[in-house]
Amino acid sequence: MNNTKKNLILRNFANLLTISRIILCLPLILFLYKGYLITSWILIIIISLTDIIDGYLARKSKIKSSFGAAIDPLADKLVLITLIMWLIKESTLPFWAGIALIYREFTITAFRGNNDSGLPANKIAKIKTSLLFIGIILLYCPLRIKIFNIEIIYIGYIFYYLGLVLAYISAYKYFKI
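The rules behind each value
Residues numbered from 1 in each chain as written. Predicted model: local features only at pLDDT ≥ 70, side-chain atom pairs only at ≥ 80, totals over all residues. Heavy atoms only, no water. Helix = DSSP H or I, 4+ residues; strand = E, 2+ residues; numbered from the N terminus. Rg over C-alpha atoms; globule rule 2.2 N^0.38 Å. Buried < 20%, exposed > 50% of the residue type's maximum accessible area, 1.4 Å probe, protein only. Contact = heavy atoms within 4.5 Å. Salt bridge = Lys/Arg side-chain N within 4 Å of Asp/Glu carboxyl O. Expected span 1.5 Å × (residues − 1). Axes fitted to C-alpha atoms, helices over the stretch in contact; angles between N-to-C directions. Parallel < 35°, antiparallel > 145°, perpendicular 65-115°, else oblique. Left-handed = near helix turned anticlockwise from the far one by under 90°. Nonpolar A, V, L, I, M, F, W, Y, C, P; charged D, E, K, R; others polar.

When helices and strands are tallied, the protein shows six helices and two strands. Order of helices (α) and strands (β) in the protein, N terminus to C terminus: α-α-α-α-α-β-β-α. Relative to the 2.2 N^0.38 estimate, which gives 16 Å for 177 residues, the radius of gyration of the protein is 17 Å and therefore close to what a compact globule would have. By its C-alpha atoms, the protein is 50 × 40 × 30 Å across when sized along the principal axes. Residues counted as buried form 44% of the 177 residues belonging to the protein. Put simply, of all contacts in the protein between residues at least 6 apart along the chain, 75% involve residues at least 24 apart.

Next comes the structure, spelled out in structure tokens:
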């Protein structure tokens, strides 16, 4: 199999993983609603891993896909907003902290979408996404464990709020362009 064909297969698989993130939001909502916390938490981890893997495969394939460029950020936003809204509903996350991030996500998505080149995510935005997903995974963790004598939920808050700060720093960088 030649490299072009192999890269195309990688890119298509990356797009399939992205679509799976969107589809997995539906059972995630159901599991959260039914109170299946461990199942929900495992599904959140799986969804996060698909994001990491699809990004790796997309970079490895070196084939840009307008479909992937459009659907990947959409999948990220759908997952993120679903998880944040549930954290707000459960009073785990303050309303302002969730809405501040959702507002930023919609604003940047609109700004990037109106730009001719689509504006790929900057490095700060990628770090922001990683911090937010780690924070959210820890905030959803049904196990009450401690790391360095700190409850895991508080570590989740640290990651989330660092991600929120980076969200606005990266937004500033987008608008500065």
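Time to look at the pattern of salt bridges. According to the stated counting rule, one finds eight salt bridges in the structure shown. A salt bridge links Asp76 to Arg21; the shortest N-O distance between them is 2.8 Å. Note that Asp76 is positioned in helix 3 (residues 66-89) and Arg21 in helix 1 (residues 3-34), a separation of 55 residues in sequence. On the basis of relative accessible area, Asp76 is assigned to the buried category, the value being 14%. Residue class for Arg21 comes out buried when judged on its relative accessible area of 1%. Through salt bridges that share partners, Arg21, Asp51, Asp54, Asp72 and Asp76 make up one connected network.

A positive phi angle is found at Ser91, which is not glycine, with a value near 60 degrees. Within the secondary structure, Ser91 sits in the loop between helix 3 and helix 4 (95-114). Using a relative accessible area of 64% as the deciding quantity, one classes Ser91 as exposed. Look at Phe148: it is not a glycine, yet its phi comes out positive at around 55 degrees. With respect to the helices and strands, Phe148 occurs in the loop between strand 1 (146-147) and strand 2 (150-151). Looking at Phe148, the relative accessible area reads 81%, which means it is exposed.

Before going further, it helps to examine helix 2 (residues 37-61). The terminal C-alpha atoms of helix 2, which comprises 25 residues, lie 36 Å apart, in line with the 36 Å expected from a rise of 1.5 Å per residue. A positive phi of about 60 degrees marks Lys62, the residue just after helix 2.

Once that is clear, we can look at the packing of helix 1 against helix 2. It is the contact of helix 1 with helix 2, at a shortest axis distance of 8 Å, that shows an interaxial angle of 165 degrees. With respect to helix 2, the axis of helix 1 lies roughly antiparallel. Of the two elements, helix 1 crosses helix 2, and the hand of that crossing is left-handed. Among the residues forming the contact of helix 1 with helix 2, the class breakdown is 16 nonpolar, seven polar and five charged.

All we've got here are geometric facts, nothing functional implied.
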